[in-house]
Amino acid sequence: MKTVIMAGGKGTRISSIAKDIPKPMIMIEGKPVLEHEIECLKSQGFIDIIITVSHLGKVIMDYFGDGSGVSPSTGKPFGVNIEYFFEEEPLGNAGALFKIKEKLQEDFLLLNADAIFDVNFIRFVEYHKSHGGLVTLFTHPNNHPYDSGVIIADEDMAVQKWLTKEDNRPRFYKNRVNAGLHVISPQVLDTEIDTAKIDLDRQILKPLEGTGKMYCYDSPEYVKDMGTPERYKMVCKDFREGRVTNKNLRNVQKAVFLDRDGTINKYVGFLRNHDEFELIDGIGEVIRKINNSGYLAIVITNQPVVARGEVTVPQLDEIHNKMETLLGEQGAYLDAIYYCPHHPHKGYAGEVPALKIACDCRKPEPGMILKAAKDFNIDLKESFVVGDSEIDILAGKRAGCKTILIGEGDYGQDVTLYSHIELEKYVVDNF
């Protein structure tokens, strides 16, 4: 599979870091950003690369050549095959694709050259092939969804809405952002576009929303644009501390599994309406600290109201969307949400018979935790379950996790804390 890397941006927002080199050549820990990308691709067998360049593109071409030479930074062979397309005139961030379309005879990876990442591309491509779409977007949560484009998908992960920054968005929405990594079928380049400059998102990808031909691939792996001096400094820090490489799903992950009601939001009994949802004071800071620690932040919650017919799945999604929106406003995010819709006791008006079962996912059973562990390659022995009740502690212990109780009680938990302030301090001191 070929990889196209778009490296033509001027990087005006980060010019204070480097004015005389293109943005992809800014150094991160002794190597250009673009070299980090190429190393990640090469390690997984993606060695046929086309780089589109324009502004100061000769700097990139002189450094990497055709990929057969040796890195000036490391002294090691690049070990890849590189071709270039040089934009004499600005073509937009996708115009070059139409100029090289004859070289793209099968599905290809399309990446931006100004992000730092370490991603399991093999897993990404396999997901794309299994869904059979024309495009698969690499999507993830971030700590500023309110000023990012947001992707809304259905239960099959087909993209229904692509909301750019300027689009009106729902009051509450899932924190799912396009990371700028794509698997694309060359069929999308059969589109007739007559503008001199072509915008990838707005003219090629966004029109595929709602067609069933474009899918999301949600992943917690590290992908960050370093387009501003502040983000550049953050990326450098993350790289030094190992967070970039560690988040690759080829590597074993650690997670904090959080109960929802009474742990994230104020307990009101059976929560049936998003108007009743209110974050507990301090939980946003706790989750933000978990995000910064490198642990995954994953919600596991029993929701018997679905089986009882008191809340529909779309209504539950809206509650969770409110949770993600409010956390996002505080610079925090959840890597995943798992819920159990089952309830074993029958006799409720409006109940859903198919969901009135005894299952292995309803806490204190560990099914949700075990599923997350499989999905994200999580080492449960190095992970924590945090909750406010006995069933949370039992579920954690049955899964082999360490357990933290918030509140009173002795259920065999490993740690007892009495407030979210204490929880925040525990995260800072121990994660």
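In case you missed it, the structure is sitting above this.
Conventions adopted
- Residues numbered from 1 in each chain as written.
- Predicted model: local features only at pLDDT ≥ 70, side-chain atom pairs only at ≥ 80, totals over all residues.
- Heavy atoms only, no water.
- Helix = DSSP H or I, 4+ residues; strand = E, 2+ residues; numbered from the N terminus.
- Buried < 20%, exposed > 50% of the residue type's maximum accessible area, 1.4 Å probe, protein only.
- Axes fitted to C-alpha atoms, helices over the stretch in contact; angles between N-to-C directions.
- Parallel < 35°, antiparallel > 145°, perpendicular 65-115°, else oblique.
- Contact = heavy atoms within 4.5 Å.
- Nonpolar A, V, L, I, M, F, W, Y, C, P; charged D, E, K, R; others polar.
- Phe/Tyr/Trp six-rings, centres within 6.5 Å; stacked < 30°, edge-to-face > 60°.
- Lys NZ or Arg CZ within 6 Å of the ring centre and 35° of its normal.
- Pairing = 2+ DSSP bridges.
- Arc of directions from axis to C-beta.
- Polar contact = N/O pair within 3.5 Å; in protein donor to acceptor, adjacent residues only side chain to side chain.

1. Considering unusual backbone geometry
(1) Moving on: Omega for the peptide link from K363 to P364 comes to 20°, which places this bond in the cis form.
(2) Moving on: Here P364 shows up in the loop between β16 (336–340) and α11 (367–376).
(3) Moving on: Although it is not a glycine, E29 adopts a positive phi angle of roughly 50°.
(4) Moving on: Structurally, E29 can be placed in the loop between β2 (27–28) and β3 (31–32).
(5) Moving on: Its identity is not glycine, yet M157 carries a phi of approximately 75°, on the positive side.
(6) Moving on: Of note, M157 is situated in the loop between β9 (150–153) and β10 (159–163).
(7) Moving on: Take M157: its relative accessible area is 18%, and that puts it in the buried class.

2. A look at the packing of helix α8 (residues 283–293) against helix α13 (residues 420–430)
(1) Moving on: In contact at an axis separation of 9 Å, α8 and α13 are set at 10° when each is read in the N-to-C sense. As far as their axial angle goes, α13 and α8 are roughly parallel. In contact with I283, E285, V286, K289 and I290 of α8, α13 contributes H420, L423, E424, V427 and V428.
(2) Moving on: By residue class, the composition of the contact of α8 with α13 is six nonpolar, one polar and three charged.

3. Some points on the packing of aromatic side chains
(1) Moving on: Inspection of every chain in the model, using the stated rule, returns 14 aromatic pairs.
(2) Moving on: Taking the centre distance of 5.6 Å and the plane angle of 85° together, the rings of F117 and F121 count as edge-to-face.
(3) Moving on: Residue F121 is classed as buried on the basis of its relative accessible area, which comes to 0%.
(4) Moving on: Centroid distance F384 to F431: 4.7 Å. Interplanar angle 35°. Geometry classified as tilted. Here F431 lies in the segment after α13 and F384 lies in strand β17 (residues 384–387), a separation of 47 residues in the sequence.
(5) Moving on: One aromatic cluster is present, built from ring pairs that chain together F124, Y127, F138 and Y217.
(6) Moving on: Seen from the ring of Y173, R169 lies directly overhead, with NZ or CZ sitting 4.9 Å from the centre.
(7) Moving on: Geometry around F270 places R308 over its ring, the cationic atom sitting 4.3 Å from the centre.

4. Description of the sheet that holds strand β14 (residues 255–258)
(1) Moving on: In spatial order, the strands read β16-β15-β14-β17-β18-β19; together these six strands make up an open sheet with parallel pairing. Both outer strands of the open sheet, β16 and β19 (415–417), are each paired with one neighbouring strand and no more. Looking at each pair of strands side by side, their axes are set apart by 20° on average, direction ignored.
(2) Moving on: Here four bridges tie β14 to strand β15 (residues 296–302), and the two strands are oriented parallel to one another. Bridge assignment links V256 to a residue of β15, and that residue is A297.
(3) Moving on: The strands touched by α8 are β14 and β15; relative to β15, the strand with the most contacts, the crossing angle is about 130°.

5. Quick notes on α13
(1) Moving on: For α13, the complete set of buried residues consists of H420, L423, Y426 and V427. In a view along the axis of α13, the buried residues occupy a sector of 110°, so they form one face of it. Across from the buried face of α13, at angles greater than 90 degrees, the exposed residues are I421, K425 and D429.
(2) Moving on: Of the surrounding elements, those touching the buried residues of α13 are α8, β17, β18 (402–406) and β19.
(3) Moving on: With a side-chain oxygen positioned 3.4 Å from the backbone nitrogen of I421, the residue opening α13 is S419.

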